[in-house]
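Letter by letter, the chains look like this.
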Amino acid sequence: MSSNVRVRFAPSPTGPLHIGGVRTALYNYLFAKKNKGTFILRIEDTDQTRYVEKAEEYIAQSLKWCGIEADESPEKGGEFNPYRQSERKDQYRQYAEQLLESGHAYYAFDTAEELEEMRERMRKQNVPSPQYNAVSRQYMKNSLALSADEVKKRLDNGEPYVIRAKLPRNEELRFEDEIRGWVVFNTGQLDDKVLFKSDGMPTYHLANVVDDHLMKITHVIRGEEWLPSAPLHVLLYRFFGWEQPIFAHLPLILKPDGHGKLSKRDGDRLGFPVFPLNWKDPETGEQSNGFKERGFFPDAFNNMLAFLGWNPGTNQEVFSKEELIETFSLERVGKSGAKFDFEKGKWFNQQYLKMQKPETLVELASPVLEKNGVKKDDAFLRQFVMQMVERVVFINDFWSEGKFYFQAPDAYEEKMIRKKFKPGKKEKFPELIKALKETDPFNAESIEQTVKTFMHDNELGFGDVLPIIRIAVSGIMQGPPIFEMAALIGKEETVNRLEKGLEAFEGIAGKD
Ligand code: GLU
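One structure accompanies this document, and this report is about it. (Residues numbered from 1 in each chain as written. Predicted model: local features only at pLDDT ≥ 70, side-chain atom pairs only at ≥ 80, totals over all residues. Heavy atoms only, no water.)

### Quick notes on the packing of aromatic side chains
Part 1 of the argument: Summed over all chains, the structure comprises 39 aromatic pairs.
Part 2 of the argument: Both rings, one in Phe109 and one in Tyr161, keep their centres 6.4 Å apart while their planes meet at 70°; by these two values the pair is edge-to-face. Separated by 52 residues along the polypeptide, Phe109 in the loop between β3 (105-108) and α4 (112-124) and Tyr161 in the loop between α5 (148-156) and β4 (162-165) bring together distant segments of the chain. Side by side, Phe109 and Tyr161 carry an identical accessibility label, which is buried.
Part 3 of the argument: Look at Phe291 and Phe301: their rings are 4.8 Å apart centre to centre, the planes differ by 40°, and that puts the pair in the tilted class. Of the two residues, Phe291 is situated in helix α9 (residues 291-294) and Phe301 in helix α10 (residues 298-306); the sequence distance between them amounts to ten residues.
Part 4 of the argument: Residue classification places Phe301 among the buried positions, given a relative accessible area of 0%.
Part 5 of the argument: Over the ring of Tyr27 we find Arg23, and its NZ or CZ is 5.4 Å from the ring centre. (Phe/Tyr/Trp six-rings, centres within 6.5 Å; stacked < 30°, edge-to-face > 60°. Helix = DSSP H or I, 4+ residues; strand = E, 2+ residues; numbered from the N terminus. Buried < 20%, exposed > 50% of the residue type's maximum accessible area, 1.4 Å probe, protein only. Lys NZ or Arg CZ within 6 Å of the ring centre and 35° of its normal.)

Written out as structure tokens, the structure reads:
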């Protein structure tokens, strides 16, 4: 059963898709699926000057990786083909002409220099933000100010022109935004935006409204940065006599400190990605990192994004995609900006990692381990991932945080050694090594028993013994349960490491 809900994600291929864009796509997708509607991907590539090669492909790949699949798209096609605005070019002119005829738009012939002169003149008159509007247009070269003959002459001569929207001078405009409630603007704050350019292409505003109408879009869910454009869009719907879709402007994603919009520079500065996939700028060759390559699971990434602006109203934080679809609603999207928190993103990834079956983790970790020369059978690796799972955030961490399972440590946490490896106690450890050599079978329980007996016989506490074993075996204090770890690497390796460790500790403790 499908409904008439139709939403779209309408990116412009001007560069890599920022996570804010992915979140817009995700919310549209969740809203469509929740309401049994249709989710459309439309590429808004009418601005040739800002077109970036490979950006469209990047957008498609990013959405694919996230599992945000469009029902209609340039790739997939659909009832309202084509879904790339550059291929719809011929359709827009007639709508600009319709507005000319109804008196809601006009021709403007001003050159770039003339426009600059106008702004300069107005600045001199202390107009803070000079605009081409109901007042200034009277003094410019357009079909409202020039005589009909003059306009005809210019058009017949093939003079370059643009078509501008004719905004009312001082009118209150209001529309209800699903997230922000009533939004009120005065047309006096707006300028007569260009709808159609001299290169024969529509601007974003015209193409966007025309396509939303033709594609029967019911809800326009997009970022807050488009809120200032909404009044013009509302006016265009009115000029055309079309039914206006419902608007929902999503809150911004902010820098971690909450001061301003999250940018690529913040990511570079603070060491986290702001793009879903790696991206290499085709012009400058500059590389940017992606969440995928950083080691994120797509579902964890989506889960993190979903919470940047929305919350379910309960304490539940981990949501599968199906659960997000089930739970998502625009009512629970907030108005205020959402601070980006990379640590929280890592937390989400860790939750997803912990949910995987051991065999899946083995499968995922194997390539990383193999790359580092590890050759172990599946039974070993299964134990390994189970012991490490609480301590890793990304699959790569299985190697970086757990390499001591495969090789003896080459350095030791010295501070603890200096504290613990003291005369009166340190001489006793050879006895422990001897006891461990005799421990059979060499499993976690029997190792624990051996260690406890050793402690008891020598009147030592856990704090005297465990740090020494731990650091000798793994090099560090924080790690997986030590008895299990020792059992997995085996008696010979454990004993070797302890022997080697005790020798090294003499040197370390002696440094004081
Ligand atoms: N093409 C616009 C963008 O790049 C679309 C804005 C909208 O959704 O209306 O985000």
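### Notes on helix α1 (residues 19-34)
Part 1 of the argument: Its 16 residues give α1 an end-to-end C-alpha distance of 22 Å, which sits within 8% of 22 Å, the value for a rise of 1.5 Å per residue.
Part 2 of the argument: Most of α1 is tucked away, with 14 of its 16 residues classed as buried.
Part 3 of the argument: Phi for Lys36, located one or two positions after α1, is positive at around 55°. (Expected span 1.5 Å × (residues − 1).)

### Section: the site of the ligand
Part 1 of the argument: The immediate surroundings of the ligand are formed by Arg8, Ala10, Pro11, Ser12, Glu44, Tyr204, Asn208, Arg222 and Trp226.
Part 2 of the argument: Between Ser12 and the ligand, the recorded distance is 3.0 Å, taken from a side-chain N or O atom to a nitrogen atom.
Part 3 of the argument: Residue Glu44 places a side-chain N or O atom 2.7 Å away from a nitrogen atom belonging to the ligand.
Part 4 of the argument: Contact with the protein chains covers 85% of the free accessible surface of the ligand, which is 290 Å².
Part 5 of the argument: For the shell around the ligand, the class distribution of residues is four nonpolar, two polar and three charged. (Near = heavy atom within 4 Å. Polar contact = N/O pair within 3.5 Å; in protein donor to acceptor, adjacent residues only side chain to side chain. Areas by Shrake-Rupley, 256 points an atom, 1.4 Å probe, with all protein chains shown as cover. Nonpolar A, V, L, I, M, F, W, Y, C, P; charged D, E, K, R; others polar.)

### Section: the sheet that holds β4
Whenever strands of a sheet pair, they do so through backbone hydrogen bonds, lying parallel or antiparallel.
Part 1 of the argument: Taken in spatial order, the three strands make up an open sheet running β3-β4-β7, and their pairing is antiparallel. Each of the sheet's edge strands pairs with one partner strand only, and the pair in question is β3 and β7 (194-196). Taken pair by pair, the neighbouring strands of this sheet meet at an average axis angle of 45°, ignoring direction.
Part 2 of the argument: Relative to β7, β4 is paired through two bridges, and the arrangement is antiparallel. Paired with Ile163 across the bridge in β7 is Phe196. (Pairing = 2+ DSSP bridges. Axes fitted to C-alpha atoms, helices over the stretch in contact; angles between N-to-C directions.)

### Observations regarding the pattern of salt bridges
Part 1 of the argument: Evaluated as defined, the whole model comprises 40 salt bridges.
Part 2 of the argument: Across the pair Asp268 and Lys264 runs a salt bridge, and its minimum N-O distance is 2.9 Å. Of the two residues, Asp268 and Lys264 are both situated in helix α8 (residues 264-270); the distance of four residues between them amounts to about one turn of the helix.
Part 3 of the argument: Residue Arg497 is joined to Glu493 by a salt bridge in which the shortest nitrogen-to-oxygen separation is 2.8 Å. Highlighted residues: Arg497 and Glu493, both in helix α21 (residues 491-510), separated by four residues, approximately one helical turn.
Part 4 of the argument: Residues joined in a network through salt bridges with shared partners are Arg8, Arg42, Glu44, Arg88, Asp211 and Asp212. (Salt bridge = Lys/Arg side-chain N within 4 Å of Asp/Glu carboxyl O.)

### Description of the pairing of strand β1 (residues 6-9)
Part 1 of the argument: Residues Arg6 and Arg8 point to one face of β1 and Val7 and Phe9 to the other, with burial holding for every one of them.
Part 2 of the argument: Sheet topology places β1 next to strand β2 (residues 38-41); four bridges connect them, and they run parallel. Looking across to β2, one finds that Val7 is bridged to Phe39.

### Notes on the pairing of β4
Part 1 of the argument: Side chains Val162 and Arg164 project from β4 onto one buried face, and the interleaved Ile163 and Ala165 project onto a second face that is buried too.
Part 2 of the argument: In terms of strand pairing, β3 meets β4 through four bridges, oriented antiparallel. Residue Ala108 lies in a different strand from β4, and its bridge partner there is Val162.

### Thoughts on a negative patch on the surface
Part 1 of the argument: Negative charge collects at one region of the surface, where Asp299, Glu322, Glu323 and Glu326 lie side by side.
Part 2 of the argument: Broken down by element, the negative patch gets its largest block of residues, three residues, from helix α11 (residues 321-327).
Part 3 of the argument: Tracing the chain through its elements places Asp299 in helix α10. (Patch = residues over 30% accessible without salt bridge, like charges linked within 9 Å, V, L, I, M, F, W, Y side chains within 5 Å. Lys, Arg positive; Asp, Glu negative; His and termini not counted. Charge placed at Lys NZ, Arg CZ, Asp CG, Glu CD.)

### Remarks on the side chain of Asp397
Part 1 of the argument: Within the secondary structure layout, Asp397 lies in helix α15 (residues 397-400).
Part 2 of the argument: Within the structure, Asp397 has its side chain in polar contact with the backbone nitrogen of Val393 (distance 2.9 Å).
Part 3 of the argument: When residues no more than four places from it in sequence are discounted, the contact partners of Asp397 are Val392 and Gly402. (Contact = heavy atoms within 4.5 Å.)

### Let's talk about the nonpolar core
Part 1 of the argument: Membership of the largest hydrophobic core comes to 113 residues, with the highest contact counts inside it found for Phe340, Phe384, Phe398 and Phe505.
Part 2 of the argument: When residues of this core are assigned to their parent elements, the largest contribution, nine residues, is made by α1.
Part 3 of the argument: When sequence neighbours within four positions are dropped, the list of residues in contact with Phe505 reads Tyr412, Ile417, Phe421, Ile468, Ile471, Ala472 and Gly510.
Part 4 of the argument: Listed in part, the 42 residues of the second largest apolar core include Tyr161, Phe185, Leu190 and Val209. (Core = buried A, V, L, I, M, F, W, Y, C linked by side-chain atoms within 4.5 Å.)

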